[in-house]
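Structural characterization, general
What follows is each chain in one-letter form.
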Amino acid sequence: DRFLLDELLRETKASIYCLIREKNNKTAFNKIKNILVLNQLWKEEYAERIIPIAGDLSKPEFGLSKSKFENLCKKIDVIYHNATHMNHLAPYETLKAVNITGTIEILKMACTGKLKPIHYTSTTGVFSEKTTNTPRKINEKTPIDNEIHFQSSGYSGSKWVAENIIMKAKERG
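Let us look at the structure shown here. Just so we're clear, the structure is a prediction, and the values are computed from it rather than from any experiment.

Further remarks concern the overall build of the protein. The helix and strand inventory of the protein stands at five helices and four strands. Secondary structure elements in the protein, listed N-terminal to C-terminal, are α-β-α-β-α-β-α-β-α. When burial is assessed residue by residue, the protein has 38% of its 173 residues classed as buried. Of the contacts made within the protein by residues no fewer than 6 positions apart, 67% connect residues no fewer than 24 positions apart. Carbon and sulfur atoms make up 53% of the accessible area of the protein, which totals about 11200 Å².

This part is about helix α3 (residues 66–75). The complete set of buried residues in α3 reads Phe-69, Leu-72 and Cys-73. Buried residues in α3, looked at end-on, bunch into an arc of 100°, giving them a common side. In this structure, α3 carries Ser-67, Lys-68 and Lys-74 as exposed residues pointing more than 90 degrees from its buried face.

Under the criterion given, the structure shown has seven salt bridges. Two residues, Lys-114 and Asp-77, come together in a salt bridge whose shortest N-O distance is 2.6 Å. Taken together, the residues span a long stretch of sequence, with Lys-114 in the loop between α4 (92–111) and β4 (118–120) and Asp-77 in the loop between α3 and β3 (79–81) at a distance of 37 residues. Its relative accessible area of 35% is what places Lys-114 among the partly exposed residues. The network of salt bridges with common partners includes Glu-61, Lys-66, Glu-70 and Lys-108.

Its 14 residues give helix α2 (residues 25–38) an end-to-end C-alpha distance of 20 Å, which sits within 8% of 20 Å, the value for a rise of 1.5 Å per residue. Ala-28, Phe-29, Ile-32 and Leu-36 are the residues of α2 that are buried. All buried residues of α2 lie within an arc of 100° about the axis, which places them on one face of the element. Turned more than 90 degrees away from the buried face of α2 sit Lys-26, Asn-34 and Leu-38, all of them exposed. Among the residues of α2, the N-terminal cap falls to Asn-24, whose side-chain oxygen and the backbone nitrogen of Lys-26 are separated by 3.0 Å.

By secondary structure assignment, the location of Ile-53 is in strand β2 (residues 50–54). Assessed through its relative accessible area of 14%, Ile-53 is described here as buried. Linking Ile-53 and Ile-20, residues 33 residues apart in sequence, is a C-alpha distance of 6.0 Å. Those residues in contact with Ile-53 that lie beyond four places of it in its chain are Tyr-17, Cys-18, Leu-19, Ile-20, Asn-25, Leu-64 and Leu-72.

So, about the pairing of strand β1 (residues 16–20). Only one face of β1 is covered, namely the face carrying Ile-16, Cys-18 and Ile-20; the face carrying Tyr-17 and Leu-19 is uncovered. Alignment of β1 against β2, held across five bridges, turns out to be parallel. Residue Ile-20 lies in a different strand from β2, and its bridge partner there is Ala-54. Running through α2, the crossover from β1 to the neighbouring parallel element β2 is right-handed.

Reading guide: rules and limits
- Residues numbered from 1 in each chain as written.
- Predicted model: local features only at pLDDT ≥ 70, side-chain atom pairs only at ≥ 80, totals over all residues.
- Heavy atoms only, no water.
- Helix = DSSP H or I, 4+ residues; strand = E, 2+ residues; numbered from the N terminus.
- Buried < 20%, exposed > 50% of the residue type's maximum accessible area, 1.4 Å probe, protein only.
- Contact = heavy atoms within 4.5 Å.
- Areas by Shrake-Rupley, 256 points an atom, 1.4 Å probe, with all protein chains shown as cover.
- Arc of directions from axis to C-beta.
- Salt bridge = Lys/Arg side-chain N within 4 Å of Asp/Glu carboxyl O.
- Expected span 1.5 Å × (residues − 1).
- Polar contact = N/O pair within 3.5 Å; in protein donor to acceptor, adjacent residues only side chain to side chain.
- Pairing = 2+ DSSP bridges.
- Right-handed = clockwise from strand over helix to strand, strands pointing away.

Everything listed here is a matter of coordinates, which is why it stays silent on function.
In structure tokens:
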């Protein structure tokens, strides 16, 4: 997300590796820059700290060669997983590759080479629609185990599965 990237660039001195679904790193960089420019977030000094990675979250090792993937795993210290295929009309099967398989690939990256923490962005869509008139308080610790919504949205369902995978990984350390 452009706002997360902007905040990381403003608040840290880190180089930010950005996985972008593009054919090569040059077009990936241009896509990132254009999005930041469009949202009036671009600063020229960002150019040297944004490291584009042309790949595909839905593919094993992001569609990178094994050596590129392993090299990336050695360089990265922390993962911000904010990627999703968001389409509230698409069926679960269409969204599974990016939202679920992509999350599994992120976990694989986190455990390859040195261990890396993951900051995972989900959605309140993992919670069932309100069935009573009583407002619910939802936060990061609200359990999602008993939420049921697969009939209403493939997006919510795929994010629910991905979040459960993240929670199982967290339980396992």
